[in-house]
Amino acid sequence: MPETASIGARHHRTDALLARATAALADLPDATPRLEAELLLAEATGWTRTSLLAWPERAPPDEAVATFEALLARRLTGEPIAYIRGRQEFWTLELRVTPDTLIPRPETEQLVELALDRLDAQRPLRIADLGTGSGAIAAALASERPDWSLVATDRSAAALAVARDNFRTLGLERIGCLRMDWLAALASGSLDAILSNPPYVAGQDPHLDRGDPRFEPRSALTPGGDGLDAIRTIAAETGRCLRPGGLLAVEHGFDQGDAVRRIFASAGLHRVETCRDLAGLDRVTLGHLPDRG
Ligand SMILES: C[S@@+](CC[C@H](N)C(=O)[O-])C[C@H]1O[C@@H](n2cnc3c(N)ncnc32)[C@H](O)[C@@H]1O
């Protein structure tokens, strides 16, 4: 074999490609270099991550190497890996995501866990996921509780189209989709629970201009101001839409627990409490409409 060919082959081996990409990604803030290198090479080759690791000496075809270089170049501009791959794991599911949807975060699984823990699994409950984005919360709940009836809402038609697509792919077409401004078009007293991961970042928060959020829809991240306006609106309208005793639970920032509990109390909610995430930070506040009588 001519020397140039053998050098080329060595450089195109799976292990060499991964090592080079890992080194390049090390300079990117917030990246997980080795994992992302593997995900991008798996994406470009169509090979599984397991097989990349099992056959480190294998050289992908030239076209796959070119695709890998292109994907890596995109990632090195800061574009989120979830948008490059077009998908993100959430709960036990894989969801399609696009720049029209927030990238679902692991913290939001806390809201799913809480709903599964607090709501009666045996009853055919009616539940709304407000600001559904890719459909993450509604899909996770529907996949766990076949008897629950779920409606997923968003003001963004583009996000709702992605959610609908995810529900279809996951065999969860029974989830209803409604385009609307928070609870505006929901019938009075119709729901057992309202769940939401609304935009809650303060308008001037510098994190909006760092890392993945630079590429996500601004309207999914912040309502502007102190970041609490969406939660204020949802809490204020909840009384009309929940049945007596019904549950409202929202995700919020780690430093917003006190403020959200006050908002919930002013909206007439009872048994208000804030739950912490796995990092021990305030993450979800919940409250109940008073029981009848
Ligand atoms: C933080 S994202 C949450 C997305 C998804 N639930 C998740 O957890 O990955 C907030 C969502 O609220 C939607 N949203 C923003 N303002 C809204 C409004 N006034 N009414 C309904 N949805 C809104 C955004 O389009 C976005 O999809």
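The shown structure was predicted, so the numbers you read here are calculated from the model rather than taken from an experiment.

(A) Structural view of the pattern of salt bridges. This model, assessed by the stated rule, comprises 24 salt bridges. The partner of Arg85 in a salt bridge is Glu89, with the nearest N and O atoms 4.0 Å apart. With a relative accessible area of 40%, Glu89 lands in the partly exposed category. With a closest N to O distance of 3.8 Å, Arg123 and Asp192 form a salt bridge. Here Asp192 lies in strand S6 (residues 191-196) and Arg123 lies in the loop between helix H7 (109-118) and strand S3 (126-130), a separation of 69 residues in the sequence. Salt bridges sharing common partners tie together Glu43, Arg85, Arg87, Glu89 and Glu94.

(B) Main features of the UniProt feature "binding site: substrate" (unreviewed entry) in the chain. In this structure's numbering, the residues bearing the UniProt feature "binding site: substrate" (unreviewed entry) are Asn197, Pro198, Pro199 and Tyr200. Examined against the element boundaries, Asn197 turns out to sit in the loop between S6 and helix H10 (218-221). Under the relative-accessibility criterion, Asn197 is labelled buried at 15%. Each residue touching Asn197, except ones within four places of it in the same chain, is listed here: Leu102, Thr108, Leu111, Leu130, Gly131, Ile137 and Glu251. A polar atom in the side chain of Asn197 sits 3.4 Å from the side chain of Thr108. Relative accessible area serves as the criterion here: at 14%, Tyr200 is assigned to the buried category. In this structure, Tyr200 is in contact with Leu221, Pro223, Gly227, Ile231, Glu251, His252, Gly253, Gln256 and Arg283, ignoring residues within four places of it in sequence.

(C) Expanded view of the UniProt feature "domain: Methyltransferase small" (unreviewed entry) in the chain. Mapped onto this numbering, the UniProt entry gives "domain: Methyltransferase small" (unreviewed entry) at residues 114-208. Within residues 114-208, the helical portion is 28% and the strand portion 22%, while the C-alpha atoms at the span's ends are 27 Å from each other.

(D) Fine view of the sheet that holds S6. Taken in spatial order, the 7 strands make up an open sheet running S5-S4-S3-S6-S7-S9-S8, and their pairing is mixed. Since the sheet does not close on itself, it has two edges, and those belong to strand S5 (176-179) and strand S8 (270-276), each with one partner. Adjacent strand axes in the sheet meet at a mean angle of 15° when their direction is disregarded. Pairing of strand S4 (residues 149-154) with S5 involves 4 bridges; the strand directions are parallel. Looking across to S5, one finds that Asp154 is bridged to Arg179. With respect to the sheet, helix H11 (residues 229-241) is in contact with S3, S6 and strand S7 (242-251), its orientation differing from that of S7 by roughly 165°. On the sheet, helix H12 (residues 257-266) packs against S7, S8 and strand S9 (282-288) and is oriented at approximately 10° with respect to S9.

(E) Examining the packing of helix H2 (residues 14-25) against helix H5 (residues 62-76) more closely. As a packed pair, H2 and H5 sit with axes 11 Å apart at the nearest point and diverge in direction by 10°. Taken together, the axis directions place H2 and H5 in an arrangement best described as roughly parallel. By crossing handedness, the relation of H2 to H5 is classed as right-handed. Contacts between H2 and H5 involve Leu17, Arg20, Ala21, Ala24 and Leu25 from the first element and Val65, Phe68, Glu69, Leu72, Arg75 and Leu76 from the second. Residues belonging to the contact of H2 with H5 are distributed by class as follows: 8 nonpolar, no polar and 3 charged.

(F) Quick look at unusual backbone geometry. Look at Asp30: it is not a glycine, yet its phi comes out positive at around 70°. Judged by relative accessible area, which is 69%, Asp30 ranks as exposed.

(G) Spotlight on the domain arrangement of the chain. You can read the domains of the chain as domain 1 (3-78) and domain 2 (91-288). Interface area lost by domain 1 to domain 2 is led by Asp30, Thr77 and Gly78, which between them contribute 88%. Here domain 1 and domain 2 share 0 salt bridges between them. On inspection of domain 1 and its partner domain 2, the count reaches 0 residue pairs in polar contact (both at pLDDT 80 or more).

(H) Region of the structure containing the packing of aromatic side chains. One pass over the structure, following the stated rule, counts 0 aromatic pairs. Taking NZ or CZ as reference, Arg58 lies 3.6 Å from the ring centre of Trp47, over its face. A cation over an aromatic ring shows up here: Arg145 above the ring of Trp148, its NZ or CZ 5.4 Å from the ring centre.

Cut-off values and rules
Counting of residues starts from 1 at the beginning of each chain's written sequence and follows it residue by residue. A pLDDT threshold of at least 70 governs which residues receive local features in this predicted model, and a stricter bar of 80 or more applies before side-chain atom pairs are shown or counted, although totals over entire chains, interfaces and linings include all residues. Heavy atoms throughout the structure, all of them, feed into the side-chain values; hydrogens and water do not. Salt bridges, as used here, are contacts in which a Lys or Arg side-chain nitrogen is within 4 Å of a carboxyl oxygen on Asp or Glu. Categorising residues by exposure relies on relative accessible area from a 1.4 Å probe, with only protein chains included: less than 20% of the type maximum marks a residue as buried, more than 50% marks it as exposed, and the intermediate range marks it as partly exposed. The secondary structure listing takes helices from DSSP runs of H or I that are at least 4 residues long and strands from runs of E that are at least 2 residues long, numbered from the N terminus. UniProt positions are given in the numbering used here, feature names are shortened, and annotations may be inferred rather than shown by experiment. Contacts were defined at the residue level, with two residues in contact if any of their heavy atoms lie within 4.5 Å. Pairs of N or O atoms are called polar contacts if they sit within 3.5 Å, as long as, within protein, a hydrogen donor faces a hydrogen acceptor (for residues adjacent in sequence, only side-chain-to-side-chain pairs). Pairing between strands is defined by DSSP: at least two bridges between them are needed. Angles shown run from 0 to 180 degrees and are taken between the N-to-C directions of axes, each axis being a line fitted to C-alpha atoms and, for helices, limited to the stretch in contact. Orientation categories follow fixed angle ranges, with anything under 35 degrees roughly parallel, anything over 145 roughly antiparallel, 65 to 115 roughly perpendicular, and all other angles oblique. Handedness of a crossing follows from how the near helix is turned relative to the far one, being left-handed for an anticlockwise turn of less than a right angle and right-handed for a clockwise one. Gly is placed with the polar residues, together with every amino acid not listed as nonpolar (Ala, Val, Leu, Ile, Met, Phe, Trp, Tyr, Cys and Pro) or charged (Asp, Glu, Lys and Arg). Residue ranges for the domains originate in an automatic or database domain assignment. Two parts placed together each lose some accessible area under a 1.4 Å probe, and the buried area is that loss summed for both. Geometry of aromatic contacts follows a simple scheme: Phe, Tyr and Trp rings, the Trp one being its six-membered ring, pair when their centres are within 6.5 Å, and the pair is stacked under 30 degrees between planes, edge-to-face over 60, tilted otherwise. Placement of a charge over a ring requires the Lys NZ or Arg CZ to be within 6 Å of the ring centre, with the centre-to-atom vector within 35 degrees of the ring normal.

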